[in-house]
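Single-letter residue listing:
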Amino acid sequence: MRKKIVAGNWKMNLTLSQAEQLINDILQAGLRLNEGQEVVLATPFPYLVKAKSLLKNTPGFYLAAQNCASEKSGAYTGEVSAEMLQSVGVDYVILGHSERREYFQESNSTLAKKIDLVLANGLKPIFCCGEPLEVRKAETQNEYVAKQLEESLFHLTEEQLKNVVIAYEPIWAIGTGLTASAAQAQDMHAFIRAQIAAKYGREAALRMTIQYGGSAKPSNAEELFACPDVDGGLIGGASLVAADFVAIIQKLG
């Protein structure tokens, strides 16, 4: 049985006191996670140590960083390495988010290096892939996403792939007010799973957790999570409101 994961990507939001309050509000909601369900909080770098201390006694809750450097160490002012993240107790690292790709020009080859460093340090990548609006309009989204997978992930062994989570982000549905329909989400998730099956075999594909990352919220999470190939969500804005994030987690079933 593959994991069902709801991850909250806080992006560049909240002060430390606000972050503490949000985590406490989520934990005090009394969520009961089923076996195979996880909640992941991706806080800004300065809050990771505090967040780890708040989450440490809560089964099923894990900590993520929102990015890491593509180099192991050295004279890279302002960067944070995978080794540093491992040393403070991070469990997951989000890689290849559409904002990193768009604003910081992160390429598929750069992301392959990051994937390798994250795995080498015993962390689990949440690898983001997905197409912009013009690609969706041209109906070439499958080819676009397949290239992202091929160039960033498919150099891995099957054993390494077991520690990777994929998040499909239709970029045109992030912060735009648009949302992919459940059918659109399911179609792409099934396509991604088929690509993995073609490369690594059916068992590896069935084991892969594929999250939906396109503006999921309490009103549409249940329908999205009911899709057979959608294994939870990578949540942006709604993860900053405890009641909304808790409501989304509860839709995992």
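Everything that follows concerns the structure shown earlier in this document.
It should be emphasised that the depicted structure is a prediction, and the values quoted were computed from it without experimental measurement.

Reading the values: rules and limits
Residues numbered from 1 in each chain as written. Predicted model: local features only at pLDDT ≥ 70, side-chain atom pairs only at ≥ 80, totals over all residues. Heavy atoms only, no water. Helix = DSSP H or I, 4+ residues; strand = E, 2+ residues; numbered from the N terminus. Rg over C-alpha atoms; globule rule 2.2 N^0.38 Å. Buried < 20%, exposed > 50% of the residue type's maximum accessible area, 1.4 Å probe, protein only. Contact = heavy atoms within 4.5 Å. Lys, Arg positive; Asp, Glu negative; His and termini not counted. Charge placed at Lys NZ, Arg CZ, Asp CG, Glu CD. Expected span 1.5 Å × (residues − 1). Arc of directions from axis to C-beta. Core = buried A, V, L, I, M, F, W, Y, C linked by side-chain atoms within 4.5 Å. Salt bridge = Lys/Arg side-chain N within 4 Å of Asp/Glu carboxyl O.

On to the overall build of the protein chain, then. A tally of helices and strands in the protein chain yields twelve helices and eight strands. Relative to the globule expectation of 18 Å for 253 residues, the C-alpha radius of gyration of the protein chain, 17 Å, shows essentially globular dimensions. Evaluated residue by residue, the protein chain yields a buried proportion of 51% over its 253 residues. Within the protein chain, contacts between residues separated by at least 24 positions form 72% of all contacts whose residues are at least 6 apart in sequence. A gap of 4 Å separates the mean positions of the 24 positive and 28 negative side-chain charges of the protein chain.

Now for helix α7 (residues 141-152). Under the 1.5 Å per step criterion, the end-to-end length of α7 is 17 Å for twelve residues, consistent within 8% with the ideal 16 Å. Buried within α7 we find Q141, V145, A146, Q148, L149 and S152. Seen along its axis, α7 keeps its buried residues to an arc of 155°; they face one direction. Buried residues in α7 make contact with α4 (98-104), α5 (108-120), β5 (124-129), α6 (133-137), β6 (165-168) and α9 (182-200).

Judged by nonpolar contacts, the single largest core of 69 residues is most densely connected at I166 and I192. By residue number, the principal contributor to this core is α9, which donates seven residues. Among all residues touching I166, those that are not within four sequence positions of it are F127, C129, L149, L153, I192, I196, M208, T209, I210 and Q211.

Per the counting criterion, the structure on display carries 16 salt bridges. Its salt-bridge partner being K50, residue E20 comes within 3.8 Å of it at the nearest N-O pair. With E20 in helix α1 (residues 16-27) and K50 in helix α2 (residues 48-55), this pair connects stretches of sequence that are 30 residues apart. Owing to a relative accessible area of 26%, E20 belongs among the partly exposed residues under this scheme. Several salt bridges share partner residues, and in doing so they unite R2, K4, R193, D229 and D231 into one network.

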